[in-house]
Every structure is written in structure tokens, then in C-alpha cells.
Amino acid sequence: MPTVRLRAAAEYPPSSQKLFEASRAWFNYDFTEPPAMSRVMAWDVEFGGPHGRAMKRAMGPGEFTRGEKEMVAAVVSGINACEY
Amino acid sequence: MTGDALWYEAAQVVGITNALNVAADTLDGLEAVDEASAPAEARVLFAEMRDFYQRDAIPPGFRFIARDPTYAAEVWATMRHAFADHRLSRRLKESLAFAVSVTSRSASGADFHLSEMRRLGVGPRGVMEIVGVTQMFSSYTKIADTLQLEPDMGGIAPEDPSPAPGGAPRGDGSLT
């Protein structure tokens with residue numbers, strides 16, 4: 001069980017709603033509620049905003065494709081033993 | 001990037017990379033094999049490695065485990081197979097191994113696989129891409145763990161019916 005109460009998207013201010021829209025566009029998926037991580041990052045947009053932009057820059061296509069980078073991300077998550 | 005085979009190959013790379021890094025980074029108490037006086041089997045192994053990597057390089061850890069050449073030969077056969085071009089390219093596999101090494105704080109592994117990435121044509125931008133992904137997901141994972149978040153994104157990936165290597169297709173068997 002999460003150690004914080006994950007708020008519904010509707011509870012967040014307009015500045016956070018922009019992060020949810022960006023999350024929906026990034027995953028190209030119409031979530032009923034934004035993923036837990038998106039809601040966590042939206043709790044403080046001064047942290048979540050630049051963190052999300054850094055992630056987007058790192059994951060965007062370049063020398064490696066988005067798919068290849070998703071595999072790298074999965075491997076890193078595995079080594080960090082993170083189920084999420 | 002669809003198909004179980006890709007993930008099996010990635011898992012093989014992760015496993016054998018971690019195995020070699022564990023030995024390379026912790027066995028300083030063991031004397032490394034002196035190649036000049038090593039048994040012929042060990043020298044043959046080292047020659048195979050230099051041929052595979054097309055440079056004067058022995059993957060970290062092998063100089064320790066080559067004290068048992070029969071064991072080292074089996075580990076090398078595993079590593080050579082895991083890193084060869086199959087469904088995943090050798091370039092991507094070395095990049096995965098670099099990410100594994102950075103994440104597990106293996107300096108020797110990071111150095112070796114970074115050299116291989118560069119040899120296989122990954123440029124400075126590509127290296128930074130892998131560093132960026134590794135950093136960002138080292139952040140996300142720790143945030144998720146600290147807050148004990150439960151997985152909730154499984155639904156965004158479609159089910160993949162493609163077979164594992166040697167296995168029977170699942171579902172309609174189509175390769176997408």
C-alpha cells in the first residue's frame with residue numbers, strides 16, 4: 001500500500017493538469033486516472049516539471065529508438081529491483 | 001521491439017553482465033591469472049575474447065575466474081552467446097550492459113561496456129542517452145519504492161502472442 005494518499009486527478013490544481021495532459025500524450029493512452037507516478041510527480045510541479053522534461057529528453061528518439069530506451073529503462077528498473 | 005525473444009536476450013545480457021561484474025569488482029583478494037604462465041586452455045580463452053572484441057580486451061572478471069579454465073570456458077560460452085547479434089543487436093546489448101554496470105555501480109563493467117559501445121559506433125550523444133535513461137529510471141524507481149507505489153501501467157502494453165525462442169506461439173501467433 002502506498003505510504004501517501006494518491007489524490008485523484010481532479011484534486012490537483014490547473015498547473016498539475018498540464019503534467020497529466022503531457023503524461024497522456026507521452027504514453028498515447030487515455031488513462032481513467034493518471035498513473036500513480038504521474039500523480040506523485042504532479043504533487044510538486046517545481047520538481048515534477050523539470051524531472052519530467054529531463055525524462056522526456058532522455059527517452060526521445062536519437063541514436064537509440066524509443067523502444068530500445070524502454071528496454072534500457074526496464075533493465076535499470078530490474079537491477080534496482082523496482083516492481084513499479 | 002516486440003516479441004519475447006527480445007526480452008529473453010536482454011535478460012541473458014543482464015544476468016551474465018552482473019555475474020562478471022560481481023567477480024571483477026570483489027575478487028581483488030584473488031590473484032589475477034598471469035597470462036604468460038597460464039595454462040594453455042586459459043590462453044586459448046583469452047585469444048577467443050580478443051577475437052570476439054576485435055581489440056586487446058578481456059572482459060572484467062575473467063582474469064580471476066580463469067584460474068579454473070574449464071569453468072571460465074563455460075562462462076565465456078555463455079557470455080559470447082548472450083552478446084552476439086541475434087534479435088537484439090550487439091550495439092544495444094553492450095548499451096544494456098553499460099546501463100546494468102552503471103546502475104549496479106560497477107566501475108570496471110561500466111568502463112568495459114562503454115568502450116564496447118564506442119567501438120560499435122555509439123557516439124557521444126548515444127552514450128548520454130543511455131546515461132540519461134539510466135539516471136531517470138534510477139530516480140523513478142527509488143521514488144516509487146520510497147512511496148511503495150503499486151504497478152498500475154500494465155494495461156498500456158498490448159498482450160504479445162509471439163513465441164519465446166523454441167516455443168509455441170500463444171494466441172494467434174502473429175508477430176507484431
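All values reported here derive from a predicted model rather than from experimental measurement. Chains are numbered independently. Their residues run from 1 in the order of the written sequence. Whichever chain is written first is A, and whichever ligand is written first is 1; the rest continue in order. Per-residue local features are limited, in this predicted model, to residues with pLDDT of at least 70; the limit for side-chain atom pairs, both in listing and counting, is 80 or more; totals at the level of whole chains, interfaces and linings are taken over all residues.

**Re the overall build of chain B**
Across its full length, chain B carries seven helices and zero strands. Counting from the amino terminus, chain B carries its helices and strands in the arrangement α-α-α-α-α-α-α. Whether a residue is buried, exposed or partly exposed is read from the other C-beta atoms within 10 Å of its own C-beta, which are placed from the backbone; 20 or more gives buried, 12 or fewer gives exposed, and intermediate counts give partly exposed. Here chain B holds 176 residues, and 34% of them are scored as buried. By the criterion used throughout, residues are in contact when their C-beta atoms, derived from the backbone, lie within 7 Å. Contacts in chain B between residues at least 24 apart in sequence constitute 68% of all its contacts with a sequence separation of at least 6. Helix and strand labels come from DSSP, where a helix needs a run of H or I of at least four residues and a strand needs a run of E of at least two; each type is numbered from the N terminus.

**As for the interface of chain B and chain A**
Opposite the 36 residues of chain B that make contact, chain A presents 35 residues. Among the elements of the structure, α1 (4-26), α5 (90-103) and α7 (124-146) of chain B are those that each provide at least two residues to the side of chain B that touches chain A. The element contributing the most residues to the side of chain B that touches chain A is α7 of chain B, with 16 residues. Taken together, the residues of the side of chain B that touches chain A sort by class into 20 nonpolar, 11 polar and five charged. Classes in brief: Ala, Val, Leu, Ile, Met, Phe, Trp, Tyr, Cys and Pro nonpolar; Asp, Glu, Lys and Arg charged; the others, Gly included, polar.

**A closer look at the confidence of the model for chain B**
All names here are of chain B. On average, residues of chain B score 88 in pLDDT, and 87% of them are at 70 or above. Note that pLDDT drops below 50 for residues 172-176; the model gives that stretch six contacts with residues more than four away or on any other chain. Two numbers describe this predicted complex: its pTM, 0.87, and its ipTM, 0.90. Values of pLDDT, the confidence the predictor places in each residue, fall between 0 and 100.

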